[in-house]
Amino acid sequence: MGYIVSDSKKITTKRIREMKQTGEKIAVLTSYDYTIASLVEQGGVDMIHVGDSASNVMQGNYTTVPITIDDMIVYGRTVARACRRAMTCIDMPFGTYQGDPYEAQRNAVKLIQQTGIDSVKVEGGEEIAPAIELIIRSGIPVFGHLGLTPQSVYQFGSFAVRAQEEAEAKKLLNDAKQLEQLGCFAIVLEKIPADLARRVTESVAIPTVGIGAGPHCDGQVLVVQDMLGMNMGFSPKFLRRYNNLGEQIIESVGNYVSDVKAGTYPNEQEQY
Ligand code: KIV
């Protein structure tokens, strides 16, 4: 059974913040193209995120490091055209915000202006505070991201669970408070222990949105291809598959190939 959307009003950062106060969980999925984003929106999600995971699922890269701002603009534009109700967000790709804060601000403006997406997401805490401050000051809502921040995978050395040691957990908690003070509207918590995600969620007034961070977050986010079962080789513990589209697509393509080879497609009704 599907989810019944109770109103068609555009979701904004204000509504996302209110959802934490009223205890309504926030449902977020990624999308990178018009067709999928239209379907995801009709499914009733609160937010659609144009993740730099497009580097993996759309471009076939091992990490999110190679994707560029121009690539993200193409994906973002197509998603923005599909969204009426869901709030939208786009990742600032690696290298576009970690250096000069003014360059970060210019890049955030470029992403928002050229895509029509509502907000940007950046990975990291106090190290990128000056950039976050300037981006928010220019009127762009910022979604924070802590824990496993995939753009830093080469520094981490793996995609393993983060903040299992108290020192890193303490830094993450402080970073979350700083992101709140800077004015971020929400924070993604990726692949951290569920108990730490609970502590963070209870310590900040802005919503937390988890991926591999347990049930205590104010919302959840998944990569749409992963939850639909299209990315069959990827099966981390946190992933729940809601379909097996990968198998269904392969079977459908196989049936089409057989019909073409056998000369049974097109038939009389399928011609002019
Ligand atoms: O790139 C991405 O898809 C993300 C979400 C999973 C949070 O950052």
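Think of each chain on its own: its residues are numbered from 1, step by step along the sequence as written. For a predicted model such as this one, the threshold for reporting local features is a pLDDT of at least 70, and the threshold for listing and counting side-chain atom pairs is 80 or more; totals across whole chains, interfaces and linings nevertheless cover every residue. Excluding hydrogens and water, the side-chain values take into account all heavy atoms of the structure.

J.: Describe the site of the ligand, naming the residues involved and giving the relevant values.
T.: By convention in this text, a residue qualifies as near a molecule or strand provided that one of its non-hydrogen atoms is within 4 Å of it. For the ligand, the full set of nearby residues is Thr 30, His 49, Gly 51, Asp 52, Ser 53, Asp 91, Lys 121, His 145, Val 188, Ile 211, Val 221 and Val 223. Asp 52 places a polar side-chain atom, nitrogen or oxygen, 3.0 Å from an oxygen atom of the ligand. For the purposes of these results, a polar contact is taken to be a pair of N or O atoms within 3.5 Å, where, inside protein, one atom must be able to donate a hydrogen and its partner to accept one; residues adjacent in sequence count only when each atom of the pair is a side-chain atom. Contact between the ligand and Ser 53: an oxygen atom at 2.4 Å from a side-chain N or O atom of the residue. Residue exposure ignores everything except the shown protein chains as possible cover, and the areas themselves are Shrake-Rupley values with a 1.4 Å probe. Protein chains bury 95% of the 260 Å² of accessible surface belonging to the ligand in isolation.

J.: Kindly report on the packing of helix α4 (residues 69–82) against helix α5 (residues 101–115), identifying the contributing residues and their values.
T.: Only the contacting stretch of a helix is used when fitting its axis, a line to C-alpha atoms as for every element, and angles between N-to-C directions run 0 to 180 degrees. Comment: elements are numbered from the N terminus, with helices defined as DSSP H or I runs of at least four residues and strands as E runs of at least two. Relative to each other, α4 and α5 sit at 35°, their axes nearing to 8 Å. In the crossing of α4 with α5, the sense of the turn from one axis to the other is right-handed. Across from Ile 69, Asp 70, Met 72, Ile 73, Gly 76, Arg 77 and Ala 80 in α4, the residues of α5 making contact are Asn 107, Lys 110, Leu 111, Gln 114 and Thr 115. Throughout, a crossing is termed right-handed when the near helix is turned clockwise from the far one, and left-handed when it is turned anticlockwise from it by less than a right angle. Only heavy atoms enter the contact rule, under which two residues are in contact if any of them lie within 4.5 Å.

J.: Describe unusual backbone geometry, with residues and values.
T.: Put simply, Tyr 265 and Pro 266 share a cis peptide bond, and its omega is -5°. Looking at the secondary structure, you find Pro 266 in the segment after α11 (245–262). For Ala 163, which is not glycine, the phi torsion reads 55° and is therefore positive. Looking at where Ala 163 falls in the secondary structure, it is placed in the loop between α7 (153–156) and α8 (166–182). Remark: exposure states derive from per-residue accessible area (1.4 Å probe, protein chains only) relative to the maximum for the residue type, with buried under 20%, exposed over 50%, and partly exposed in between. Given the relative accessible area of 4%, Ala 163 is considered buried.

J.: I'd like a rundown of the packing of aromatic side chains, residues and numbers included.
T.: The aromatic pairing rule takes the rings of Phe, Tyr and Trp, using the six-membered ring of Trp, and pairs them if the centres are within 6.5 Å, calling planes under 30 degrees apart stacked, those over 60 edge-to-face and the rest tilted. Tallying each qualifying case throughout the model produces 3 aromatic pairs. An angle of 80° between the planes, with centres 5.8 Å apart, marks the rings of Tyr 62 and Phe 159 as edge-to-face. Here Tyr 62 is found in the loop between α3 (54–57) and α4, whereas its partner Phe 159 is found in the loop between α7 and α8, with 97 residues between them in sequence. Tyr 62 gets classed as exposed once you look at its relative accessible area, which sits at 67%. When its relative accessible area of 28% is taken as the criterion, Phe 159 is described as partly exposed. Arg 162 extends its terminal NZ or CZ atom over the ring of Phe 156, reaching a point 3.8 Å from the ring centre. A positively charged side chain is recorded as over a ring if its NZ (Lys) or CZ (Arg) lies within 6 Å of the ring centre. The angle to the ring normal must also be within 35 degrees.

J.: Which residues make up the pattern of salt bridges, and what values go with them?
T.: Criterion for a salt bridge: a side-chain nitrogen of Lys or Arg within 4 Å of a carboxyl oxygen of Asp or Glu. The final tally for this structure, using the stated rule, is 12 salt bridges. The salt bridge partner of Lys 14 is Glu 18, with a shortest N-O separation of 3.1 Å. One end of the pair, Lys 14, and the other, Glu 18, are both in helix α1 (residues 13–22), 4 residues apart, so they sit about a helical turn from each other. Given the relative accessible area of 32%, Glu 18 is considered partly exposed.

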